[in-house]
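# Structural overview for review
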Amino acid sequence: MPDPLRQVVTDPRVHRRRPGPPDADGRCVVYWMQRAQRATDNPALDAAISVGNALRQPVVVFLAPIPFYPHGNLRHYQFLFQGFEELATALARRHVGLVFRFAPDHRIEAFADEVGASLVVGDENPLREPSVWRERVAARLRAPLWTVDADVIVPSALLEKEQYAARTMRPRISRLLPQFLAKPVTSRARVPWVTARRVQSRLPSAQIPDAFPVGRNVSPVAGVHGGMAAGRAVLRRFVRHRLEGYATGRNRPERDGTSQLSPYLHFGHIGPRTVAVAVRDADVPAADKEAFLEELIVRRELAINFVRFNPRYDRLDGCEPWARRTLDEHRGDVREYQYAEAVLEGAETHDPLWNAAQRQMVQVGWMHGYLRMYWAKKILEWSESPEAAMEIAIRLNDRYELDGRDPNGYTGIAWAMGGKHDRAWGPERPVYGKVRYMSFASTGRKFDSKAYVARWLGDGERR
Ligand SMILES: Cc1cc2nc3c(=O)[nH]c(=O)nc-3n(C[C@H](O)[C@H](O)[C@H](O)COP(=O)(O)OP(=O)(O)OC[C@H]3O[C@@H](n4cnc5c(N)ncnc54)[C@H](O)[C@@H]3O)c2cc1C
């Protein structure tokens, strides 16, 4: 086996889903791009290029957006599609081709046969649906399928099992980080993909075709643009203007002091390594960098670890036994307020802070992280059962947040409602039992909640 090929095979980021060596007589290496929608800082693309170069074969990216992802709607798809236009040019700079197709031509197996793939490379996504698709494709492909952990810094396989909490995750991450947190290198394919091969492709466009049957019940967010260039611009602005002060300012929802990079990370328009290296190398106090890298690496990769190793990540029975027990004991407690999902969705509760947070999410597809905790905990308090609360929170989060349908979302909700990665707290309270509680009074005192409420509800709606 040539050395570069051996390097790819032994890389802990690489999973051989359909094992076997790439076919030296194949015509090209195909990268089936799903989660990591970018041309740089993309370890899956790098692996495809390394194999292509070792075999002296060109590399082509196959991109086929599908309209039926659960809870996906126009808001998400517009952001996703906005990233497509610049991809072709950015890939061409690496001498890599792009073939863009819709259903019924969206099957990777058929495409791999059509172009004589020696190997199909994919990118990892720990969520249930993409995992099932990956398994199905692995069973049907003729070529081997290797998938690459492209959206974490520390390969998730090296963490071996579900981690109990940030305190068990942190030492493992710290030990492995120096090996994996390096500035991404951008190599080129030695044999360029030649488009004259007559392989049919649509022109990648930000325009969602009318016939693309995506749910149109949630409108796109005006003024927010998806894509690699937009993601890099958001990162640049954050590092320049808001990283300094992040350690103390990040829990001030009225100030927008966080990066707002979560939609770009979710859609793979920016890689976590690019973000981490920019922050690590910034000229700001160490405390601000550490606070940010704790969220981006320890917390984010803990969420990915949870979803990867716990198949019940979106259900209460995926949470710790102590939390399930205490919630069970308080199942029959009187709920002072109980709201139907439609009332919550319409931001019509008695609580102006909660309504403002809900309104922020519905209007701009993003909610401040501090308020996401409060938002989910109140849904637990105001629902008929913890199970119903979790289902409602997941539905609303996934429908409206641009960064929804992400391991971070399922983990955040499991943390808020089911004590995941948390511990038992006293005193025991109605409904919550020993699950950590947040009150309107104490949450509202920690920042200028009046300014936040006025911003999202308007003065007329403050109660
Ligand atoms: C109930 C609840 C629901 C959530 N839903 C989502 C969701 O759907 N999608 C989502 O990406 N995040 C979710 N989070 C996690 C977190 O609140 C957001 O990632 C963060 O607020 C996004 O804003 P930012 O990019 O400005 O974060 P920054 O503070 O700038 O942090 C940078 C990055 O670090 C990661 N990060 C930050 N906080 C956390 C955290 N607590 N856990 C894991 N990773 C984190 C994110 O990738 C984030 O983009 C949720 C948290 C809770 C409590």
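Here's what I pulled together on the structure shown here. Only a predicted model underlies this, so the values are computations on that prediction, with no experimental measurement involved. (Residues numbered from 1 in each chain as written. Predicted model: local features only at pLDDT ≥ 70, side-chain atom pairs only at ≥ 80, totals over all residues. Heavy atoms only, no water.)

The full set close to the ligand counts 25 residues, and Tyr-246, Thr-258, Ser-259, Gln-260 and Asn-397 are the nearest of them. Gln-260 has a polar backbone atom sitting 2.6 Å from an oxygen atom of the ligand. Burial of the ligand by the protein chains amounts to 90% of its free accessible area of 830 Å². Elements represented by at least two residues in the shell around the ligand include exactly α10 (262–266), α12 (286–309), α16 (369–381) and α18 (407–418). The dominant element in the shell around the ligand, judged by the number of residues it contributes, is α12, at five residues. Formed jointly, the shell around the ligand draws a minimum of three residues from each of two domains, domain 2 (228–309) and domain 3 (316–461). (Near = heavy atom within 4 Å. Polar contact = N/O pair within 3.5 Å; in protein donor to acceptor, adjacent residues only side chain to side chain. Areas by Shrake-Rupley, 256 points an atom, 1.4 Å probe, with all protein chains shown as cover. Helix = DSSP H or I, 4+ residues; strand = E, 2+ residues; numbered from the N terminus. Domains from an automatic or database assignment.)

The next subject is the nonpolar core. Generally speaking, a soluble globular protein has its nonpolar side chains buried in company with each other. Grouped together as the largest cluster of nonpolar side chains are 127 residues, with contacts concentrated most on Tyr-31, Leu-87, Phe-292, Trp-375, Ile-379, Met-417 and Tyr-452. When residues of this core are assigned to their parent elements, the largest contribution, nine residues, is made by α12. If near-sequence neighbours (up to four positions away) are discounted, Phe-292 is found in contact with Phe-238, Leu-243, Tyr-246, Ser-259, Val-275 and Val-279. One finds Trp-32, Ala-117, Val-137 and Leu-145 within the second-largest nonpolar core, a separate group that totals 20 residues. (Core = buried A, V, L, I, M, F, W, Y, C linked by side-chain atoms within 4.5 Å. Buried < 20%, exposed > 50% of the residue type's maximum accessible area, 1.4 Å probe, protein only. Contact = heavy atoms within 4.5 Å.)

Moving on, we come to the pairing of strand β6 (residues 145–148). Here β6 shows no split at all, with Leu-145 and Thr-147 on one side and Trp-146 and Val-148 on the other all buried. Pairing geometry for strand β1 (residues 14–18) and β6, over four bridges, is antiparallel. The residue of β6 that forms the bridge with Arg-16 is Trp-146. Taking the sense of rotation as the criterion, the β-α-β connection linking strand β5 (residues 117–123), helix α6 (residues 128–140) and β6 turns out right-handed. (Pairing = 2+ DSSP bridges. Right-handed = clockwise from strand over helix to strand, strands pointing away.)

Turning our eyes to something else, we now look at the layout of surface pockets. If you add up the space inside the second largest pocket, you get close to 760 Å³. Around the second largest pocket, the lining is made up of 31 residues, and of these Gln-34, Ala-64, Ile-66, Tyr-69 and Trp-133 lie nearest the centre. Of all the secondary-structure elements, those providing two or more residues to the lining of the second largest pocket are α3 (74–82), α5 (108–115) and α6. Of the residues forming the lining of the second largest pocket, the biggest block, five residues, is contributed by α6. Taken together, the residues of the lining of the second largest pocket sort by class into 17 nonpolar, six polar and eight charged. (1 Å grid on protein atoms, 1.4 Å probe; cavity = no way out; pocket = protein on both sides within 12 Å on 5 of 7 lines; lining within 4 Å. Points joined across faces, edges and corners; volume = space filled by probe spheres on them. Nonpolar A, V, L, I, M, F, W, Y, C, P; charged D, E, K, R; others polar.)

Right, let's get into the sheet that holds β1. Spatial strand order, β1-β6-β5-β2-β3-β4: six strands in an open sheet with mixed pairing. With partners counted over all chains shown, the strands left at the sheet margins are β1 and β4 (97–100), one partner each. Between one strand axis and the next, the sheet turns by 25 degrees as a mean value, whatever way the strands run. Pairing between strand β2 (residues 28–32) and strand β3 (residues 59–63): four bridges, direction parallel. Paired with Val-30 across the two strands is Val-60, which belongs to β3. The strands touched by helix α4 (residues 84–92) are β3 and β4; relative to β4, the strand with the most contacts, the crossing angle is about 150 degrees. (Axes fitted to C-alpha atoms, helices over the stretch in contact; angles between N-to-C directions.)

With that settled, the discussion passes to the side chain of Asn-397. Tracing the sequence through the fold places Asn-397 in helix α17 (residues 386–400). Its relative accessible area of 6% is what places Asn-397 among the buried residues. If we skip the residues at most four places from it in the chain, Asn-397 touches Met-361, Arg-372, Trp-375, Gly-404, Gly-409 and Ile-413.

Quick look at the side chain of Thr-147 now. Within the secondary structure, Thr-147 sits in strand β6. A polar side-chain atom of Thr-147 sits 3.2 Å from a polar atom in the side chain of Arg-17. In terms of polar contacts, Thr-147 uses its side chain to reach the side chain of Glu-124, at 2.4 Å. With residues up to four places along the chain from it excluded, the contact list for Thr-147 reads Arg-13, Val-14, His-15, Arg-17, Gly-122, Glu-124 and Arg-134.

Below, the discussion takes up the environment of Pro-430. As for its placement among the helices and strands, Pro-430 is situated in the loop between α18 and α19 (440–445). With relative accessibility at 56%, the residue Pro-430 sits in the exposed group. Considering only alpha carbons, one finds Pro-430 and Lys-289, 141 residues apart in sequence, at a separation of 39 Å. If sequence neighbours within four positions are ignored, Pro-430 has contacts with His-330 and Asp-333.

Now for unusual backbone geometry. Omega for the peptide link from Ala-103 to Pro-104 comes to 10 degrees, which places this bond in the cis form. Examined against the element boundaries, Pro-104 turns out to sit in the loop between β4 and α5. At the junction of Gly-426 and Pro-427, the peptide bond is cis and its omega measures out at -5 degrees in the coordinates. Following the sequence through the fold, Pro-427 ends up in the loop between α18 and α19. One non-glycine residue, Arg-56, adopts positive backbone phi at about 60 degrees. Following the sequence through the fold, Arg-56 ends up in the loop between α2 (43–55) and β3. Here Gln-260, not a glycine, exhibits a phi torsion of approximately 60 degrees, which is positive. Inspection of the secondary structure assignment puts Gln-260 in the loop between α9 (246–249) and α10.

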